[in-house]
Amino acid sequence: MQKPKIKTFYTCQSCGHKSPKWLGKCPDCNEWNSFVEERYFEEKGRRGSLAAEEKAVPQPITRVSSKEEDRFQSSMSELDRVLGGGIVLGSAILIGGDPGIGKSTLLLQAMGKLAKTGALVLYTTGEESPRQIKMRAERLNISSDNLLIYAEISLERILDSIKKIKPKVIVIDSIQTIYTENLESAPGSVSQIRETAYQLILLAKAMDVPVFLVGHVTKDGSIAGPRVLEHMVDTVLYFEGERGHPFRILRAVKNRYGSVMEIGVFEMKDIGLEEVLNPSALFLAERPENAPGSVVVSSLEGTRPILVEVQSLVCQTVFGMPRRTVVGIEAARVSVLVAVLEKKIGLNMANQDIFLKVAGGLKLEEPAVDLGIIASIASNYLDKPVNPKTVVFGEVGLAGEVRAINQADLRLKEALSLGFERCIIPKDNAKKTGTRGKGQGAGKLEIIGVASVKEAMDVLF
Ligand code: TYD
Ligand code: MG
């Protein structure tokens, strides 16, 4: 028998850059001392193709069948929402998140529900023993003969089992624990992750089975091992949450089969994760009413407007540079808005520390929260509370103008359904909804259109 050829190369453990010789500094990610020697047994004809078993040939696009986007529901509506409306057959989904955030719990619950509907699920675990999983499943009240727990870390054996069992869904928890015998490096190294994920994805595509890969996250927040993994899969989800908070947010950062704007909201309880179908109510639950600096803003997350509280604290700088500490919003955005407050409203922030926080651990990225941030800082600075029944939204420009934002109607509807009585919104948006004004569409909501930050201040304080 012909001996397999051994190839040696060096891989950066931080970004996956390959080099034929050892390097002290990675030319790609500039990391020092990150190259590790890896050896690879090369086999002929090992690579497959993405078009099922037979060899792929170039063909006219008109003849490519478009049945690809076949989806099925996972019976967990928040997960389906983030995936773009269900699990796509043959798709590879990477779920990243800090250790202990609840990735295994989320998948076990979703798979438990799926198995109950009759689908055969293969849950491969390299981190916990079947007994540990069983104990957790009992707590989560999951029991089904269709849920197969498989404690295995050898890629070759996992692939064999998948071919034999032909499950409807595969979970690999986690990709960092799986290894292939073709590589000499340890499980969790960049080459191992890349190779095992590649093989699993290939098989999943060939068999039309969706595969969930769990990935751990490094200190700097990216999925440990490589960016390469993010390129290989169809969908990348992050499961986030703050320590000490029960809220968990599932966010798509890449999705070939749907929008990346959608978020799924969960609450971690002692009987597992509970889907939060009305996140606004949850995020506003502990709001202190009539506290200066507390303002309710509206942020559109995908197709769903979420009302959330922004809080700020403005106090005299004791020494040196004034501090700007921001949680949940990009700090540079807040600096810009503070500058607008100084120049256009004349509030003197030069000797004030500003602390700003989004309640509930949510991250706000939408420009529509600009006006709310300004209102919050001004409210605390002036020590005047904003009416607690008020929602504020609008984008703010550098000239102090308030710009129109999209989906104002959706946001107003959400505000109304949660019992708010007044909305301060961009004038241009108010003009469009304004005709309906206090009438039907807006219900009892008082809509006040403002064209500038100055006008907003006059209305608010
Ligand atoms: P886990 O799913 O193991 O996290 P990951 O796979 O992301 O590392 O989650 C473990 C945490 O979740 C642990 O700190 C306990 C908590 N938890 C609950 O609060 N309630 C529950 O019902 C379960 C199963 C876990
Ligand atoms: Mg886990």
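Residues numbered from 1 in each chain as written. Chains lettered and ligands numbered in written order. Predicted model: local features only at pLDDT ≥ 70, side-chain atom pairs only at ≥ 80, totals over all residues. Heavy atoms only, no water.

1. Regarding the overall build of the chain
- Assigned secondary structure in the chain consists of twelve helices and 23 strands.
- In terms of overall dimensions, the chain has a C-alpha envelope of 85 × 55 × 50 Å along the principal axes.
- In the chain, which comprises 461 residues, the proportion classed as buried is 51%.
- Taking as baseline every contact in the chain between residues at least 6 positions apart, the subset at least 24 positions apart corresponds to 68%.
- For the chain, the accessible area works out to roughly 22000 Å², and carbon and sulfur atoms hold 53% of it.
- Distance from the positive charge centre (59 side chains) to the negative charge centre (56 side chains) of the chain: 2 Å. (Helix = DSSP H or I, 4+ residues; strand = E, 2+ residues; numbered from the N terminus. Buried < 20%, exposed > 50% of the residue type's maximum accessible area, 1.4 Å probe, protein only. Contact = heavy atoms within 4.5 Å. Areas by Shrake-Rupley, 256 points an atom, 1.4 Å probe, with all protein chains shown as cover. Lys, Arg positive; Asp, Glu negative; His and termini not counted. Charge placed at Lys NZ, Arg CZ, Asp CG, Glu CD.)

2. Details of the sheet that holds strand E11 (residues 235–240)
- Overall, mixed pairing links the nine strands, which are arranged E8-E7-E9-E10-E6-E11-E12-E13-E14 in an open sheet. The open sheet terminates on both sides in strands that have one partner only, identified here as strand E8 (147–151) and strand E14 (272–275). Neighbour-to-neighbour, the strand axes of the sheet open up by a mean angle of 25°, direction not taken into account.
- The strands touched by helix H5 (residues 190–207) within the sheet are strand E6 (92–97), strand E9 (169–173) and strand E10 (211–216), with E10 carrying the most contacts at an inclination of about 160°. (Pairing = 2+ DSSP bridges. Axes fitted to C-alpha atoms, helices over the stretch in contact; angles between N-to-C directions.)

3. Considering the pairing of strand E17 (residues 324–327)
- When E17 meets strand E18 (residues 352–358), the two strands line up parallel, connected through four bridges. Pairing of Arg324 across the sheet is with Ile354, part of E18.
- Note that the unit made of E17, helix H8 (residues 331–345) and E18 has a crossover that is left-handed. (Right-handed = clockwise from strand over helix to strand, strands pointing away.)

4. Structural notes on the site of ligand 1
- Near ligand 1 there are 16 residues, and of these Gly100, Lys103, Ser104, Thr105 and Lys269 occur at the shortest range.
- Within the backbone of Ile101, one N or O atom sits 3.4 Å away from an oxygen atom of ligand 1.
- Within the side chain of Ser104, an N or O atom sits 2.6 Å from an oxygen atom of ligand 1.
- Here ligand 1 loses 75% of its free accessible area of 560 Å² to cover by the protein chains.
- Within the residue set of the shell around ligand 1, elements represented by two or more residues are helix H2 (103–116), helix H3 (130–139) and strand E13 (263–269).
- At three residues, H2 tops the list of elements feeding residues into the shell around ligand 1. (Near = heavy atom within 4 Å. Polar contact = N/O pair within 3.5 Å; in protein donor to acceptor, adjacent residues only side chain to side chain.)

5. A look at the sheet that holds strand E16 (residues 304–316)
- Spatially, E17-E18-E16-E15-E19-E22-E23 is the arrangement adopted by the seven strands of the open sheet, whose pairing is mixed. Each of the sheet's edge strands pairs with one partner strand only, and the pair in question is E17 and strand E23 (446–450). Each strand of the sheet is rotated relative to its neighbour by a mean of 25°, with strand direction disregarded.
- Running over the sheet, helix H9 (residues 370–382) touches strand E15 (294–301), E16, E18, strand E19 (390–392), strand E22 (422–426) and E23 and is turned about 35° from E16.
- Along the sheet, helix H10 (residues 408–417) contacts E15, E16, E19, E22 and E23; its crossing angle with E16, the most-contacted strand, is approximately 80°.

6. Description of the packing of aromatic side chains
- One pass over the structure, following the stated rule, counts two aromatic pairs.
- Aromatic side chains Phe239 and Phe266 sit 5.9 Å apart centroid to centroid with 80° between the ring planes, which places their arrangement in the edge-to-face category. Here Phe266 lies in strand E13 and Phe239 lies in strand E11, a separation of 27 residues in the sequence. Comparing Phe239 with Phe266 shows no difference in burial state: the two are buried.
- Centre to centre, the rings of Phe247 and Phe283 are 5.4 Å apart; their planes meet at 75°, and the pair counts as edge-to-face. Here the residue Phe247 occupies a position in strand E12 (residues 247–255), and Phe283 occupies one in helix H7 (residues 279–284), the gap between them amounting to 36 residues. (Phe/Tyr/Trp six-rings, centres within 6.5 Å; stacked < 30°, edge-to-face > 60°.)

7. Overview of the pattern of salt bridges
- The final tally for this structure, using the stated rule, is 18 salt bridges.
- A salt bridge links Asp234 to Arg256, with the nearest nitrogen and oxygen atoms 2.8 Å apart. With Asp234 in the loop between helix H6 (227–232) and E11 and Arg256 in the loop between E12 and E13, this pair connects stretches of sequence that are 22 residues apart.
- For Asp234, a relative accessible area of 2% gives the class buried.
- What makes Arg256 partly exposed here is its relative accessible area of 48%.
- A network of salt bridges, in which partner residues are shared, links Glu78, Arg81, Glu262 and Arg304. (Salt bridge = Lys/Arg side-chain N within 4 Å of Asp/Glu carboxyl O.)

8. Section: the confidence of the model for the chain
- Residue-level pLDDT values for the chain average 86, and 90% of them are 70 or greater.
- Note that residues 48–53 has pLDDT below 50 and, in this model, nine contacts with residues that lie over four places away or in other chains.
- Counted against residues more than four places away or in other chains, residues 435–442, with its pLDDT under 50, gives eleven contacts. (pLDDT = per-residue confidence, 0-100.)

9. Focus: the domain arrangement of the chain
- Taken domain by domain, the chain comprises domain 1 (5–42), domain 2 (71–277) and domain 3 (281–460).
- A separation of 49 Å is found between the C-alpha centroids of domain 1 and domain 3. (Domains from an automatic or database assignment.)

10. Quick look at H10
- Within H10 the residues assigned to the buried category are Ala408, Arg411, Leu412, Glu414 and Ala415. Seen from one end, H10 has its buried residues packed into an arc of 160°, which puts them on one side. Every exposed residue of H10 that faces more than 90 degrees away from the buried side is listed here: Lys413 and Ser417. (Arc of directions from axis to C-beta.)

11. Things to note about empty space enclosed by the protein
- Under the defined criterion, the tally for this structure stands at two cavities of 30 Å³ or more.
- As a volume, the largest cavity reaches approximately 50 Å³.
- Taken together, Arg287, Pro288, Glu289, Asn290, Ala291, Ser294, Val295, Val296, Val386, Asn387, Pro388 and Thr390 make up the lining of the largest cavity.
- Considering every element that reaches the lining of the largest cavity, the biggest residue donor is E15, with three residues.
- Across the lining of the largest cavity, the residue classes break down as six nonpolar, four polar and two charged. (1 Å grid on protein atoms, 1.4 Å probe; cavity = no way out; pocket = protein on both sides within 12 Å on 5 of 7 lines; lining within 4 Å. Points joined across faces, edges and corners; volume = space filled by probe spheres on them. Nonpolar A, V, L, I, M, F, W, Y, C, P; charged D, E, K, R; others polar.)

12. Quick notes on the environment of Ile373
- The topology assignment puts Ile373 in helix H9.
- Look at Ile373 and you get buried, because its relative accessible area is 0%.
- In sequence terms Ile373 and Ser294 are 79 residues apart; their C-alpha atoms lie 9.5 Å from each other.
- Every residue in contact with Ile373, bar those within four places of it in the chain, is listed here: Ile329, Arg333, Leu337 and Leu356.

13. A few points about the pairing of E16
- Two elements, E15 and E16, share eight bridges in a ladder whose sense is antiparallel. Bridge assignment links Val297 to a residue of E16, and that residue is Val308.
- Between E15 and the antiparallel strand that follows it, E16, lie two residues; Gly302 among them carries a positive phi value of about 70°.

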